[in-house]
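Notes for the structure review
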Amino acid sequence: MELGTKKMVDIAKKKEEEEEKNMDRRENEKRKKLGGLKTMPFILANEICDRFAGVGFHANLISYLTQQLNLPLVKASNTLTNFGGTASLTPLIGALIADSFAGRFWTILVGSIIYELGMISITVSALLPTLHPPPCPSQVNCKEASSSQLWALYAALLLTSIGTGGIRPCVVTFAADQFDMSKSSVASRGWNFFNWYYFSMGMATLTALTVVVYVQDNIGWGWGLGIPTIGMALSIIAFVFGSHLYKKLKPGGSPLVRLTQVIAAAVKKRKLVTPNDPGALYQNKDLDSLISVNGRLLHTDQFKFFDKAAIVTESEATDFMQPNLWNLATVHRVEELKSMIRLLPIWSAGILHVTASSHLGSFVIQQARSMDRHLSHSFQIPPASLSIFSISTMLFGLVLYERLLVPFVRRFTRNPSGLTCLQRMGVGYFVNIIATIVSALVEVKRKNAAARHNLLDDPKAILPISVFWLVPQYCLHGIADVFMSVGHLEFLYDQSPESMRSTAAALFWISSSIGNYIGTGLVTLVHSYTGREHNWLPDRNLNRGKLDYYYWLVTGIQVINLVYYIICAYFYTYKPLEEAKDEETEQSEDKIPYKRVNDSNKIGEVELGKNPETA
């Protein structure tokens, strides 16, 4: 009787195990069906509409501040760079929320809604006469916007900044999550996801610069801000509509907490001796399963101090099922910290790239406003629309890079991507220096034209010099973005731990934030210390300024930055990754109890409490 009961229990257990396996198999099959190219129309529709709204809102904001709110040029420029800096700082908060508990889908959705509220607020403020000062066509002795009017603007900008924090760090990583981004899969594809992502964003930007800016300058700011607001609303609808198709990765817990745990454990064990065999350090696949879906990070010899966090003491070896992570970290978690430390010097070099380009949204537009912008007798280009040359060059350059340059360079480098991310970024830095040099030379030519026609003292005069002299610098900045911006984003995504990719994308925007703040500080210092009579950056009359001197200053800073970047790139070590394998592949391999040798680096990996020498 007891034997029969035992057999029935065994049969029931086997059935339960089989049912669990079948459920897991069905879950895996369902997960495999999610994601892919079919999700891109919905995800990219969100980002395209967001970019359309954002560019349409910000591209001509210098004109709104100087022409509608009557702010001085330097004050308006600093307002823009400060706002740009804040909008690029909030993505770190959004990334931490997404990676810690909310996930990328919900972070994007909530951020989009908050952004839309900000867009509605600023559109309403543009329509209500009480929220801006009386018109001042002469731009002489104008009444500036009052404190209350400016606070209405700042409140709207703050809402868009908070919303941006949820969108920017998550959309590109959420889109990349829909594909297999392992090195073997990326190498087998004939296209680069980041190139085509930037291409889509460029098309949205180009549309905004042509349509929205024209409406703002020729029809009015109500419609000019209303159209982007409608576009943002459409982006939210498109994103939600495709929610059932998305592959939604589970957040793996706060990355900052994990990094802090590794540091704390290493400090506590600072007096212990690190074993010569890295295989004796702590490994736990189950513990790291949520944060190493695409493969665990392998041990590296850099920053060996942090390896102490993975040393297993005698007391810890007796309780290995649920270790105290403030005292003991896995090798994968230690390598997460090392990966973030390694990429920071490369990341920081991108800050001054943003500082050098920040003048495109302020000073160059004011230069364009003083030049002949006519395409025909009755039609002239809006100043802010000149950015179409930068975006068009970037779009055309991305296609040429993907279809011509990569296949050509691949013959020599034998790299599937043609150039490495680091090489690509270096080219971008160099081209950006050339762009700033051209900016200085064109400004000299513009002021010479004003001097020849005795128009130096007329801030509203249209100089007899074509606005198309500004086009070369825009095109060069577009070429620089093909190399630097795309390469920078791809580098951060590829070299960051997979559980911190939203945080890495946030770093991309934080470099923009810091770059804009440095731009604000640089402009403020130059304006404050270059005197009143011969100020480089005057408040109203750019013809009496020395903007070319400012460009030469920025050029010198960029040269120093390029030297710094080359040194950092030379010493950089790419992260080693053990790519995840399919279940069928793992089952077919011979398994060695407690110890497994990785073919890529011949380092033995030992689970906690399973010493291969005593097993």
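Quick caveat: nothing in here was measured; it's all calculated off a predicted structure. (Residues numbered from 1 in each chain as written. Predicted model: local features only at pLDDT ≥ 70, side-chain atom pairs only at ≥ 80, totals over all residues. Heavy atoms only, no water.)

This next bit is on helix 18 (residues 501-529). Taking 1.5 Å as the rise per residue, helix 18 with 29 residues should run 42 Å; its terminal C-alpha atoms sit 42 Å apart, in good agreement. Within two residues after helix 18, G531 carries a phi angle of roughly 85 degrees, on the positive side. (Helix = DSSP H or I, 4+ residues; strand = E, 2+ residues; numbered from the N terminus. Expected span 1.5 Å × (residues − 1).)

This brings us to the pattern of salt bridges. Taken as a whole and assessed by the stated rule, the structure comprises seven salt bridges. R258 serves as the salt-bridge partner of E336, at 3.1 Å between the closest nitrogen and oxygen. Linking E336 in helix 12 (residues 331-348) with R258 in helix 10 (residues 255-268), this pair joins segments that are 78 residues apart in sequence. Assigned by exposure class, E336 and R258 land together as buried. Measuring nitrogen to oxygen at the nearest pair gives 2.9 Å for the salt bridge that ties R446 to E443. One end of the pair, R446, and the other, E443, are both in helix 16 (residues 421-452), three residues apart, so they sit about a helical turn from each other. Here R446 and E443 have matching classes, each one buried. What emerges from the salt-bridge pattern is a single network uniting D307, E335 and K338. (Salt bridge = Lys/Arg side-chain N within 4 Å of Asp/Glu carboxyl O. Buried < 20%, exposed > 50% of the residue type's maximum accessible area, 1.4 Å probe, protein only.)

This model, assessed by the stated rule, comprises 18 aromatic pairs. Within the aromatic cluster, the residues linked to one another by ring pairs are F105, W106, F174, F239 and Y246. Residue placement shows R424 over the ring face of Y401; its charged tip is 3.9 Å from the ring centre. One residue, R501, lies across the ring of Y493, its end atom 4.2 Å from the ring centre. (Phe/Tyr/Trp six-rings, centres within 6.5 Å; stacked < 30°, edge-to-face > 60°. Lys NZ or Arg CZ within 6 Å of the ring centre and 35° of its normal.)

This part is about unusual backbone geometry. With phi around 60 degrees, R414 is a residue other than glycine that occupies positive phi space. Position of R414 among the secondary structure elements: in the loop between helix 15 (387-413) and helix 16. Positive phi outside glycine occurs at N454, with the angle close to 55 degrees. The residue N454 is located in the loop between helix 16 and strand 3 (463-466) in this model.

If you trace the backbone, T260 turns up in helix 10. In this structure T260 comes out as partly exposed when scored by relative accessible area, which is 40%. As a C-alpha pair, T260 and L325 span 65 residues in sequence and 10.0 Å in three-dimensional space. One polar contact links the side chain of T260 to the main-chain carbonyl oxygen of L256, over a distance of 2.7 Å. (Polar contact = N/O pair within 3.5 Å; in protein donor to acceptor, adjacent residues only side chain to side chain.)

Counting 144 residues, the largest nonpolar core has L65, F193, Y197, I346, L470, F491 and Y550 as the members making the most contacts within it. Of all the elements, helix 16 adds the most residues to this core, at 12 residues. (Core = buried A, V, L, I, M, F, W, Y, C linked by side-chain atoms within 4.5 Å.)

So, about helix 6 (residues 147-177). With 31 residues, helix 6 should reach 45 Å at 1.5 Å per residue; the first-to-last C-alpha distance of 45 Å fits that figure. Largest kink in helix 6: about 40 degrees, centred on C170. (Bend = angle between axes of the 7 residues up to and from the residue.)

At a minimum axis separation of 9 Å, helix 16 and helix 19 (residues 547-570) run at an interaxial angle of 170 degrees. When the interaxial angle is binned, helix 16 and helix 19 end up roughly antiparallel. Here the residues of the contact of helix 16 with helix 19 sort into 18 nonpolar, eight polar and three charged. (Axes fitted to C-alpha atoms, helices over the stretch in contact; angles between N-to-C directions. Parallel < 35°, antiparallel > 145°, perpendicular 65-115°, else oblique. Nonpolar A, V, L, I, M, F, W, Y, C, P; charged D, E, K, R; others polar.)

A few words on empty space enclosed by the protein. Scanning the model with the defined rule gives seven cavities of 30 Å³ or more in all. For the largest cavity, the calculated volume is near 1,500 Å³. For the largest cavity, the lining is made up of 50 residues, of which V55, R168, W509, S512 and N516 are closest to its centre. Elements that contribute at least two residues to the lining of the largest cavity include exactly helix 2 (40-58), helix 4 (73-102), helix 6, helix 8 (193-218), helix 13 (350-357), helix 15, helix 17 (471-495) and helix 18. With seven residues, the single largest contributor to the lining of the largest cavity is helix 4. (1 Å grid on protein atoms, 1.4 Å probe; cavity = no way out; pocket = protein on both sides within 12 Å on 5 of 7 lines; lining within 4 Å. Points joined across faces, edges and corners; volume = space filled by probe spheres on them.)

This brings us to a nonpolar patch on the surface. On the surface, a nonpolar cluster with roughly 400 Å² of combined accessible area is contributed by I113, L117, I120, V124 and L128. Take L117: it is sitting in helix 5 (residues 104-127). (Patch = residues over 30% accessible without salt bridge, like charges linked within 9 Å, V, L, I, M, F, W, Y side chains within 5 Å. Areas by Shrake-Rupley, 256 points an atom, 1.4 Å probe, with all protein chains shown as cover.)

The side chains of a regular strand alternate between both faces of the sheet. Where burial is concerned, the two faces of strand 3 differ: the one with L463 and I465 is buried and the one with P464 and S466 is not. In the sheet, strand 2 (residues 371-372) pairs with strand 3 via two bridges, with the strands oriented parallel. Bridging from a neighbouring strand, D372 pairs with S466 of strand 3. (Pairing = 2+ DSSP bridges.)

Our focus in this paragraph is the environment of I465. Examined against the element boundaries, I465 turns out to sit in strand 3. Separated by 97 residues in the primary sequence, I465 and A368 have C-alpha atoms spaced 10.0 Å apart. If sequence neighbours within four positions are ignored, I465 has contacts with M371, D372, K445, R446 and A449. (Contact = heavy atoms within 4.5 Å.)

Mapped onto this numbering, the UniProt entry annotates "transmembrane region" (unreviewed entry) at residues 105-131, 151-175, 196-215, 221-241, 384-401, 422-442, 504-529 and 549-572. In this annotation, residues 151-175 is assigned 100% helix and 0% strand; the end-to-end C-alpha distance for the span is 36 Å. Counted over residues 384-401, helix gives 83% and strand 0%. Its end C-alpha atoms are 27 Å apart. (UniProt positions renumbered as here; feature names shortened; annotations may be inferred.)

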